[in-house]
Amino acid sequence: MTITYPVKNGIYVNMTNKCPCNCTFCIRHNGPGAYGSDSLWLEREPSVDEVCESLKQWDLDKKDEIVFCGYGEPTERLDDLLLVAAWIKENYSIPVRINTNGLSDLINGRDTAPELNGLIDAVSISLNANDPAAYLKITQSKFGMGSWQAMINFARNCTAYVPKVTITVVDQVTTPEEQEEAKRICESIGARLRIRPLIS
Ligand code: SF4
């Protein structure tokens, strides 16, 4: 099973296939692999030690970043993710990013942004839509109508603890008007907006 895999000059970490959403555009609907990896469906969730061992196979001093991403929502395993991040910080100087749907607080039942302090250098959060109803239609989040606001709150809270907080929208599924509104939302919470292609 694929625990870590290269994307451009970064190493991506695939710790879980769990996710509280079922986004209409999710790349998991397209097949078992992405980014050239064989399969990102895990036979089982790897342990923290297994993730660290998998990371050791790469020459991390020559890589640009490590990204917790994969075929699932990384904050479904936030405690283990932070153990891996702490191990990375102890052994390397490479930046660490989380690509997330921003629902960590709902998943973990607590305010999680402070826990990222000193361990995570960048968080990239999918906005998906500019209001709760549109968000729920696209993401089909199991947490229901409160999901959008929880995601926005998490993004805002992250700006106090994480040096780089980016909110992303997918170019192909948003109009220019929606992207303008997304920019306004980002400015209001102190995050940067990135319009990204479907797979990036
Ligand atoms: S949050 Fe990410 S992994 Fe989960 S369904 Fe949406 S696109 Fe897929």
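Please refer to the structure higher up on the page.
Residues numbered from 1 in each chain as written. Predicted model: local features only at pLDDT ≥ 70, side-chain atom pairs only at ≥ 80, totals over all residues. Heavy atoms only, no water.

Looking now at the pairing of strand S7 (residues 192-196). Relative to S7, strand S6 (residues 164-170) runs parallel, the two sharing five bridges. Following the sheet pairing, Val 170 is matched in S7 by Arg 196. Note on the crossover from S6 through helix H6 (residues 176-189) to S7: the handedness is right-handed. (Pairing = 2+ DSSP bridges. Helix = DSSP H or I, 4+ residues; strand = E, 2+ residues; numbered from the N terminus. Right-handed = clockwise from strand over helix to strand, strands pointing away.)

In this section: the nonpolar core. One finds Leu 55, Phe 68, Val 84, Ile 88, Leu 116 and Ile 120 to be the most contacted residues of the largest nonpolar core, which totals 51 residues. Per element, the largest residue contribution to this core is seven residues, and it comes from helix H2 (residues 78-91). Apart from residues lying up to four places away in sequence, Phe 68 is in contact with Val 13, Met 15, Pro 74, Leu 81, Val 84, Ala 85, Ile 88, Val 96, Arg 97, Ile 98 and Asn 99. Counting eight residues, the second largest nonpolar core, distinct from the first, contains Tyr 5, Val 7, Leu 40 and Tyr 71. (Core = buried A, V, L, I, M, F, W, Y, C linked by side-chain atoms within 4.5 Å. Buried < 20%, exposed > 50% of the residue type's maximum accessible area, 1.4 Å probe, protein only. Contact = heavy atoms within 4.5 Å.)

Moving on, we come to empty space enclosed by the protein. Summed over the entire model, instances satisfying the criterion amount to one cavity of 30 Å³ or more. Each pocket or cavity is described by its volume, and for the largest cavity that value is around 40 Å³. What lines the largest cavity is simply Phe 25, Asn 128, Ile 138, Thr 168, Val 169, Val 170, Val 173 and Thr 174. Ranked by residue count, the leading element in the lining of the largest cavity is S6, at three residues. (1 Å grid on protein atoms, 1.4 Å probe; cavity = no way out; pocket = protein on both sides within 12 Å on 5 of 7 lines; lining within 4 Å. Points joined across faces, edges and corners; volume = space filled by probe spheres on them.)

The next subject is the pairing of strand S4 (residues 96-100). Within S4, five of the five residues are buried, which leaves it mostly tucked inside the rest of the structure. Residue alternation in S4 divides its side chains into two sets, Val 96, Ile 98 and Thr 100 and Arg 97 and Asn 99, and both sets are buried. Alignment of strand S3 (residues 65-68) against S4, held across three bridges, turns out to be parallel. Residue pairing in the sheet places Ile 66 in a bridge with Val 96 of S4.

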